[in-house]
Amino acid sequence: MEQWINLYRASHSLEAYALKGALEVEGVRVRLSGEGLAGALGELPVDLLQVTLLVCEEDRSRAGRIIERYQQRQGNGWLCGQCGEENGANFDICWRCHHDPHDH
Ligand SMILES: [Zn+2]
């Protein structure tokens, strides 16, 4: 059974679709959650819509690297205090070791 995990929280739907395209080009299947809100919240700025990208557990590492490259082009990342991996600004936890920098 496939397990879908939250990989990345996009700051708006346009970013989510850009990342979804980048991942799919690499053969990673992506689901978006939150995009259904776009219609209901049509009056609000698109920046207020948070869209989460979900990928299969087995694709997690590969997808993380793809998004990492995307983030490096955008700037703003953080280094994991546990394994030293560089993570994109929108990663809440380290994509490599799952360390949560906020959990101390
Ligand atoms: Zn780490």
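Everything discussed here concerns the structure shown above.
Residues numbered from 1 in each chain as written. Predicted model: local features only at pLDDT ≥ 70, side-chain atom pairs only at ≥ 80, totals over all residues. Heavy atoms only, no water.

Participant: Even after reading the chapter, I still don't get the coordination of the zinc ion, so can you show me in this structure?
Facilitator: The expected angle between donors at a tetrahedral four-coordinate metal is 109.5 degrees. At an octahedral six-coordinate metal it is 90 or 180 degrees. At 2.3 Å from the zinc ion lie its protein donor atoms, namely C80 (SG), C83 (SG), C94 (SG) and C97 (SG). Around the zinc ion, the four donor atoms sit at angles spanning 106 to 113°, and that spread fits a shape best called tetrahedral. (Donors = N, O, S within 2.8 Å, 3.2 Å for Na, K, Ca; no water. Tetrahedral: all angles 85-135°; square planar, octahedral: opposite > 155°, others 65-115°.)

Participant: Teacher, can you tell me more about the environment of R29 here?
Facilitator: In this fold, R29 is placed in the loop between α1 (13-25) and β2 (30-33). Separated by 27 residues in the primary sequence, R29 and C56 place their C-alpha atoms 7.3 Å from one another. For R29, the residues in contact, after removing those within four places along its chain, are E2, W4, L54, V55, C56 and D59. Only 2.8 Å separates the side chain of R29 from the side chain of E2, close enough to count as a polar contact. (Helix = DSSP H or I, 4+ residues; strand = E, 2+ residues; numbered from the N terminus. Contact = heavy atoms within 4.5 Å. Polar contact = N/O pair within 3.5 Å; in protein donor to acceptor, adjacent residues only side chain to side chain.)

Participant: How should I be thinking about the sheet that holds β2 in this particular structure?
Facilitator: Backbone-to-backbone hydrogen bonds join strands into a sheet, with any given pair of strands oriented parallel or antiparallel. Judged by pairing direction, the sheet is antiparallel, and its three strands sit side by side in the order β1-β3-β2 without closing on themselves. Edge positions in the sheet fall to β1 (4-10) and β2, since each of these pairs with one other strand and no more. Recorded for the sheet is a direction-independent mean angle of 30° between the axes of neighbouring strands. Two elements, β1 and strand β3 (residues 51-56), share six bridges in a ladder whose sense is antiparallel. Its bridge partner being in β3, N6 is matched across the sheet by L54. (Pairing = 2+ DSSP bridges. Axes fitted to C-alpha atoms, helices over the stretch in contact; angles between N-to-C directions.)

Everything listed here is a matter of geometry and, on its own, says nothing about what the molecule does.
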